[in-house]
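Structural features, examined
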Amino acid sequence: MSTGTIDLHTHTTHSDGSATPQELIELARAKGARAVAITDHDTVAAIVEARDAADRCGIEFVAGIEISAEYSPGTMHILGYCIDERSLVLAEKLNRLKIARETRNPQIAGRLQSLGFDVDYSEVARLAGNEVVGRPHFARVMVQKGYASSIQDAFDRFLKKDAAAYVEKARLTPADSIALIHQAGGVAVLAHPYQLNLSSYKEAEELIGQLAQLGLDGLEAVYSRHDAAQRTRYAEIASRHGLLVTGGSDYHGSYKPDIEIVTGLGDLEVPYELLEAVKARAASRSRRQTDEVQGAFN
Ligand code: AMP
Ligand code: ZN
Ligand code: FE
Ligand code: FE
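Residues numbered from 1 in each chain as written. Chains lettered and ligands numbered in written order. Predicted model: local features only at pLDDT ≥ 70, side-chain atom pairs only at ≥ 80, totals over all residues. Heavy atoms only, no water.

**Structural notes on the overall build of the protein**
A count of helical and extended segments in the protein gives 10 helices and 8 strands. Radius of gyration (C-alpha) of the protein: 19 Å, near the 19 Å computed for a compact globule of 298 residues. Principal-axis analysis of the C-alpha atoms places the extent of the protein at approximately 65 × 40 × 40 Å. Going through the 298 residues of the protein one by one, you find that 52% of them count as buried. The long-range share in the protein, meaning contacts at least 24 apart out of those at least 6 apart in sequence, stands at 73%. Here the protein contributes 32 positively and 41 negatively charged side chains, and the mean placements of these two sets differ by 2 Å. (Helix = DSSP H or I, 4+ residues; strand = E, 2+ residues; numbered from the N terminus. Rg over C-alpha atoms; globule rule 2.2 N^0.38 Å. Buried < 20%, exposed > 50% of the residue type's maximum accessible area, 1.4 Å probe, protein only. Contact = heavy atoms within 4.5 Å. Lys, Arg positive; Asp, Glu negative; His and termini not counted. Charge placed at Lys NZ, Arg CZ, Asp CG, Glu CD.)

Listed below in structure tokens is the structure:
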């Protein structure tokens with residue numbers, strides 16, 4: 001049976017969400033979802049706890065991740081699905097990204113201080129509570145101290161790209177991001193394509209075509225902040241390039257208070273059959289890898 005709704009894009013307290021893995025799984029279940037993926041930025045730390053919670057409450061769990069790739073003029077995030085969270089190659093790359101954040105974060109604190117704000121990095125790290133500390137945590141501290149009226153306001157005035165406290169982040173190239181997800185046994189999907197910030201669908205399609213050449217498997221056409229026209233246009237682009245379509249809310253709890261898990265801004269509905277296609281692609285990738293390894297011994 002392939003009915004039911006799902007959410008393939010969510011964040012927990014292990015990155016910049018406000019729900020613990022168990023809370024997130026329970027929220028998705030309460031919303032009636034049949035399956036949920038956790039896609040924390042640059043970490044797989046939520047996965048074991050989430051899988052246990054999902055087993056207990058009878059919802060299907062998909063191990064995921066979201067990786068930030070080098071790109072301008074906008075944002076390029078690559079989602080990985082059905083990854084093996086124990087992959088050593090993945091662990092090694094993620095550790096490097098974590099070390100890079102440890103250099104970047106005190107620099108962001110320094111910029112905010114030189115703008116006259118009393119923001120100490122240790123309090124931001126304490127609030128974040130886990131390994132992946134990022135701009136949303138700085139934004140939350142700015143709100144708590146009365147320097148900004150909301151997380152969005154803190155981004156708009158200080159933390160967004162090119163704002164006064166913005167510091168570049170170490171990223172993998174798009175090719176390396178896709179290859180890493182494949183090496184970890186996963187399926188690579190371009191997240192929220194509207195954030196590429198290109199001026200036309202034609203330009204977006206050119207870039208997506210290049211990513212498909214690099215091995216990209218899918219496109220997140222069904223996204224909470226995409227309107228109906230965007231969902232249709234990106235699904236058409238996906239089909240022209242042999243890409244899967246996926247969907248998710250990008251739930252971050254109180255860090256993005258307008259977005260609800262599973263239903264997004266209220267109109268999100270991601271059908272279970274999209275996940276079936278993702279799982280089929282992951283299985284065929286792993287079969288191919290096994291064949292290649294066996295071929296090497298024949
Ligand atoms: P970081 O990895 O530290 O650069 O933080 C990236 C996270 O900040 C993203 O996942 C978003 O959740 C959030 N973010 C990035 N840009 C903005 C923006 N302009 N407004 C609100 N949130 C943003
Ligand atoms: Zn985030
Ligand atoms: Fe993202
Ligand atoms: Fe996300």
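**A closer look at the pattern of salt bridges**
In this structure the tally under the stated criterion is 17 salt bridges. In this structure, Arg 51 and Glu 85 form a salt bridge, with 2.8 Å as the shortest nitrogen-oxygen distance. Separated by 34 residues along the polypeptide, Arg 51 in helix H2 (residues 47-57) and Glu 85 in the loop between strand S4 (76-81) and helix H3 (88-114) bring together distant segments of the chain. For Asp 267, the salt bridge identified is with Arg 231, shortest N-O distance 3.3 Å. Here Asp 267 is found in the loop between strand S7 (244-248) and strand S8 (270-271), whereas its partner Arg 231 is found in helix H9 (residues 228-240), with 36 residues between them in sequence. The class for Asp 267 is partly exposed, based on a relative accessible area of 47%. (Salt bridge = Lys/Arg side-chain N within 4 Å of Asp/Glu carboxyl O.)

**Structural notes on helix H1 (residues 21-30)**
Residues of H1 that are buried include every one of Pro 21, Leu 24, Ile 25 and Ala 28, and no others. Within H1, the buried residues cover an arc of 100 degrees as seen down the axis, which keeps them to one side. Check the buried side of H1 and you find it contacts strand S2 (35-38), H2 and strand S3 (60-69). (Arc of directions from axis to C-beta.)

**Some thoughts on the packing of H1 against H2**
One can describe the packing of H1 onto H2 by two numbers: an axis separation of 8 Å at closest approach and a directional angle of 35 degrees. Note that H1 runs across H2; the crossing there is right-handed. Only Glu 49, Ala 50, Ala 53, Ala 54, Arg 56 and Cys 57 of H2 make contact with H1, whose side of the interface consists of Pro 21, Gln 22, Ile 25 and Arg 29. Broken down by class, the residue content of the contact of H1 with H2 amounts to 6 nonpolar, 1 polar and 3 charged. (Axes fitted to C-alpha atoms, helices over the stretch in contact; angles between N-to-C directions. Left-handed = near helix turned anticlockwise from the far one by under 90°. Nonpolar A, V, L, I, M, F, W, Y, C, P; charged D, E, K, R; others polar.)

**Digging into the nonpolar core**
Within the largest apolar cluster, 68 residues are counted, with the highest numbers of intra-cluster contacts made by Met 76, Ile 78, Ile 83 and Leu 190. Apart from the residues within four sequence positions on either side, Leu 190 is in contact with Met 76, His 77, Ile 78, Leu 196, Ile 208, Leu 211, Leu 216, Gly 218, Leu 219 and Glu 220. If you look at the next biggest cluster of nonpolar residues, it comprises 21 residues, including Ile 108, Leu 112, Met 142 and Ile 151. (Core = buried A, V, L, I, M, F, W, Y, C linked by side-chain atoms within 4.5 Å.)

**Some points on the sheet that holds S4**
With mixed pairing, 8 strands are arranged side by side in an open sheet as S7-S6-S5-S4-S3-S2-S1-S8. Edge positions in the open sheet fall to S7 and S8, since each of these has one partner strand only. Relative to S2, strand S1 (residues 5-7) runs parallel, the two sharing 2 bridges. Bridge pairing in S2 links Asp 7 to Val 36. Packing of H2 onto the sheet brings it into contact with S2 and S3, and relative to S3 it is tilted by some 155 degrees. (Pairing = 2+ DSSP bridges.)

**Points about helix H5 (residues 135-144)**
Since the α-helix packs 3.6 residues into each turn, any two residues three or four apart lie on the same face. Across the 10 residues of H5, 8 count as buried, placing the element largely inside the fold. Buried within H5 we find Arg 135, Pro 136, His 137, Phe 138, Ala 139, Arg 140, Val 141 and Met 142. In the core, the buried residues of H5 are packed alongside H3, helix H4 (121-128) and helix H6 (151-159).

**Let's talk about the packing of H4 against H5**
Two elements in contact, H4 and H5, have axes whose closest approach is 9 Å; the angle formed by their N-to-C orientations is 110 degrees. The angle between H4 and H5 places the two elements in the roughly perpendicular class. Contacts between H4 and H5 involve Tyr 121, Glu 123, Val 124, Leu 127 and Ala 128 on the former and, on the latter, His 137, Phe 138, Arg 140, Val 141 and Gln 144. Looking at the contact of H4 with H5 residue by residue, the class counts come to 6 nonpolar, 2 polar and 2 charged. (Parallel < 35°, antiparallel > 145°, perpendicular 65-115°, else oblique.)

**Focus: the pairing of strand S6 (residues 218-223)**
Most of S6 is tucked away, with 6 of its 6 residues classed as buried. Judged from the 2 bridges that link them, strand S5 (residues 187-190) and S6 form a sheet pairing that is parallel. By the bridge assignment, Leu 190 is partnered in S6 with Leu 219. Both S6 and S7 contribute to a ladder of 4 bridges, which runs parallel. Looking at the pairing, Tyr 223 lines up with Gly 248 of S7.

**Concerning the coordination of the zinc ion (ligand 2)**
Working reference: metal with six octahedral donors, ideal angles 90 or 180 degrees; metal with four tetrahedral donors, ideal angle 109.5 degrees. At the metal site, the zinc ion (ligand 2) is ligated by Asp 16 (OD), Asp 16 (OD), His 41 (NE2) and His 252 (NE2), and these contacts range over 2.0 to 2.6 Å. Between the zinc ion (ligand 2) and the iron ion (ligand 3), a spacing of 5.8 Å is present. Of the two residues, His 41 is situated in the loop between S2 and H2 and His 252 in the loop between S7 and S8; the sequence distance between them amounts to 211 residues. The same class applies to His 41 as to His 252, namely buried. (Donors = N, O, S within 2.8 Å, 3.2 Å for Na, K, Ca; no water.)

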